[in-house]
Amino acid sequence: MMATKVKEGWKNFGLLKGIGIPAPTGKHVVGCVDLMHKLEGDSDGLLVRLFYPAHPTVREGDEYPYARLTPNRMYTKGLLEFFTFKFPGALSFLLYYLTDARQPAFYGAPLYGSSRADSESALPKNATMKCPVVVYSHGLSGMRTSGTTVCCDLASHGYAVASVEHRDRSCSISLKRVQKPGAAEGELVDEWVGYLRPDSEKDSFFDPQCLEDVPLRHEQVKTRSFDVKQVLKLLDILNDGGTVHNMLDEDGFDFGMFKGCLDLDKAAVMGHSFGGSATVMALSEEPRLKCGIAMDSWMVPFPDDLVAELSIKQPLLFINSYDWQWKENVQKMLELTQPTDEHGRIATTTIKLMCSYQSQESSMVHLSQRQLLTR
């Protein structure tokens, strides 16, 4: 019943605001919140959007609006500049305010099982949830909201998803918070960091098979892997009930509600395109990650001689769009997988399907749940 109400509410939310994003398929209402927290060894502050199962009584309203797909107009401007549109400032203003694109997640909503004065009887006494965690890595030119469909759907099935905004300058634009000159200590202002274009004439975003910027992309994928490991540390702090300082100056959200509610023994990583590369790299470096899902993984950032050195012992699922992939890219994936395990069971398989993009994403989500629940 709850899932039906959420789906109906989102479907009727409006064409421009929905932008075709499907409603989550799980039984839980979805909440989300942005968090920027500075960890040791991190000069810029780690920036994530957390998606999680929310309290079932949450409904759209002034208190918990549907989250913006584009958190700030500057992201629209950065994307337009990335694609070299003319007059990106004026266009970004129009697109941001006229479309008002939203996610099917309530921003700032309380976590499932958290106490609410207006709904103490909505859940059984002491009802809590231990959420398996997923770190999501976006693709080239993306940001922390790029995996909206996947992140919201996983959260609706009971997962806590931390979608990280990478600091490798592969975003079309990314937000930093820096000390305001001449102001008191801790008074921060926004600083926007743009996309780092390669020195070569070709950019691999527009030509995925381009090898001219491999050195840059390889350094970036190492940064992305570091980001994933930092996210796990941040989730540890939240799960332990530690103190976090949200550098975004957003007051009113109680991050203490995550204490004891995150299952870091069931931690997974997943990503799309360049995020698929980050998934591969993070699995090879972080044993805490129990499995990974790489969607249309872009393997160019891994030089041929490095692929053989990557050691991945966890389950890894590659999901590819048939028309986008090419022989050399898939060959690197095959080098990372074995056709059978030590017991002779099939560990690698290829399934070719004819389906819409939306259906493909839905199938992928269900596969990932089985992987996480059985590991």
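As a reminder, the structure under discussion sits directly above these lines.
Residues numbered from 1 in each chain as written. Predicted model: local features only at pLDDT ≥ 70, side-chain atom pairs only at ≥ 80, totals over all residues. Heavy atoms only, no water.

### Let's talk about the packing of aromatic side chains
- Enumeration over the complete set of coordinates arrives at ten aromatic pairs.
- A centroid spacing of 6.4 Å and a plane angle of 50 degrees characterise the contact between Tyr-52 and Phe-253, whose relative ring orientation is tilted. Residue Tyr-52 is found in strand E2 (residues 46-53), and its partner Phe-253 is found in the loop between helix H6 (214-240) and strand E9 (262-272); the two are separated by 201 residues along the sequence.
- Under the relative-accessibility criterion, Phe-253 is labelled buried at 16%.
- Ring-pair connections join several aromatic residues into one group, and the members of that group are Tyr-52, Phe-253, Phe-255 and Phe-258.
- The ring of Phe-274 has Arg-224 lying over it, and the distance from NZ or CZ to the ring centre is 4.2 Å. (Phe/Tyr/Trp six-rings, centres within 6.5 Å; stacked < 30°, edge-to-face > 60°. Helix = DSSP H or I, 4+ residues; strand = E, 2+ residues; numbered from the N terminus. Buried < 20%, exposed > 50% of the residue type's maximum accessible area, 1.4 Å probe, protein only. Lys NZ or Arg CZ within 6 Å of the ring centre and 35° of its normal.)

### Side note on the packing of H6 against helix H7 (residues 274-285)
- The N-to-C vectors of H6 and H7 enclose an angle of 65 degrees; their axes lie 8 Å apart at closest approach. The way H6 lies across H7 gives a crossing that is right-handed. Contacts from Arg-217, Gln-220, Val-221, Lys-222, Arg-224, Ser-225, Val-228 and Lys-229 of H6 reach H7 at Phe-274, Gly-275, Ser-277, Ala-278, Met-281, Ala-282 and Glu-285.
- Residue composition of the contact of H6 with H7, grouped by class: six nonpolar, four polar and five charged. (Axes fitted to C-alpha atoms, helices over the stretch in contact; angles between N-to-C directions. Left-handed = near helix turned anticlockwise from the far one by under 90°. Contact = heavy atoms within 4.5 Å. Nonpolar A, V, L, I, M, F, W, Y, C, P; charged D, E, K, R; others polar.)

### Observations regarding the sheet that holds strand E3 (residues 66-68)
- Overall, mixed pairing links the nine strands, which are arranged E3-E4-E1-E2-E6-E5-E9-E10-E11 in an open sheet. On the outer flanks of this sheet lie E3 and strand E11 (316-319), each paired with one strand and no other. The average undirected angle you get between the axes of adjacent strands in this sheet is 30 degrees.
- Set on the sheet, helix H5 (residues 148-156) makes contact with strand E1 (30-37), E2, strand E4 (102-107), strand E5 (131-137), strand E6 (160-164) and E9; between it and E2 the angle comes to about 45 degrees. (Pairing = 2+ DSSP bridges.)

### A few points about H5
- In terms of burial, H5 is a largely internal element, eight of the nine residues being buried.
- Looking one or two places after H5, you find Gly-158, whose phi comes out positive at around 105 degrees.

### A closer look at the pairing of E9
- For E9, the buried fraction is high: eight of the eleven residues fall into the buried class.
- Judged from the seven bridges that link them, E5 and E9 form a sheet pairing that is parallel. Paired with Pro-132 across the strands is Asp-263, a residue of E9.
- Sheet analysis places E9 next to strand E10 (residues 289-295), joined by six bridges and oriented parallel. Residue pairing across strands places Ala-267 opposite Leu-289, the latter belonging to E10.
- For the crossover from E9 across H7 to E10, the handedness is right-handed. (Right-handed = clockwise from strand over helix to strand, strands pointing away.)

### Structural notes on the pattern of salt bridges
- Evaluation of the coordinates by the stated rule reveals 13 salt bridges.
- A salt bridge links Asp-44 to Lys-176, with the shortest nitrogen-to-oxygen separation between them at 3.2 Å. With Asp-44 in the loop between E1 and E2 and Lys-176 in strand E7 (residues 173-179), this pair connects stretches of sequence that are 132 residues apart.
- Exposure remark for Lys-176: the relative accessible area of 19% places this residue in the buried category.
- With its nearest N and O atoms 2.8 Å apart, the salt bridge here joins Arg-144 to Glu-165. Pair noted here: Arg-144 is in the loop between E5 and H5 and Glu-165 is in the loop between E6 and E7, with a separation of 21 residues, a long-range link. The burial state of Arg-144 is the same as that of Glu-165; both residues are buried.
- Bridged by salt links that share partners, the residues Asp-34, Arg-49, Arg-144 and Glu-165 form one connected network. (Salt bridge = Lys/Arg side-chain N within 4 Å of Asp/Glu carboxyl O.)

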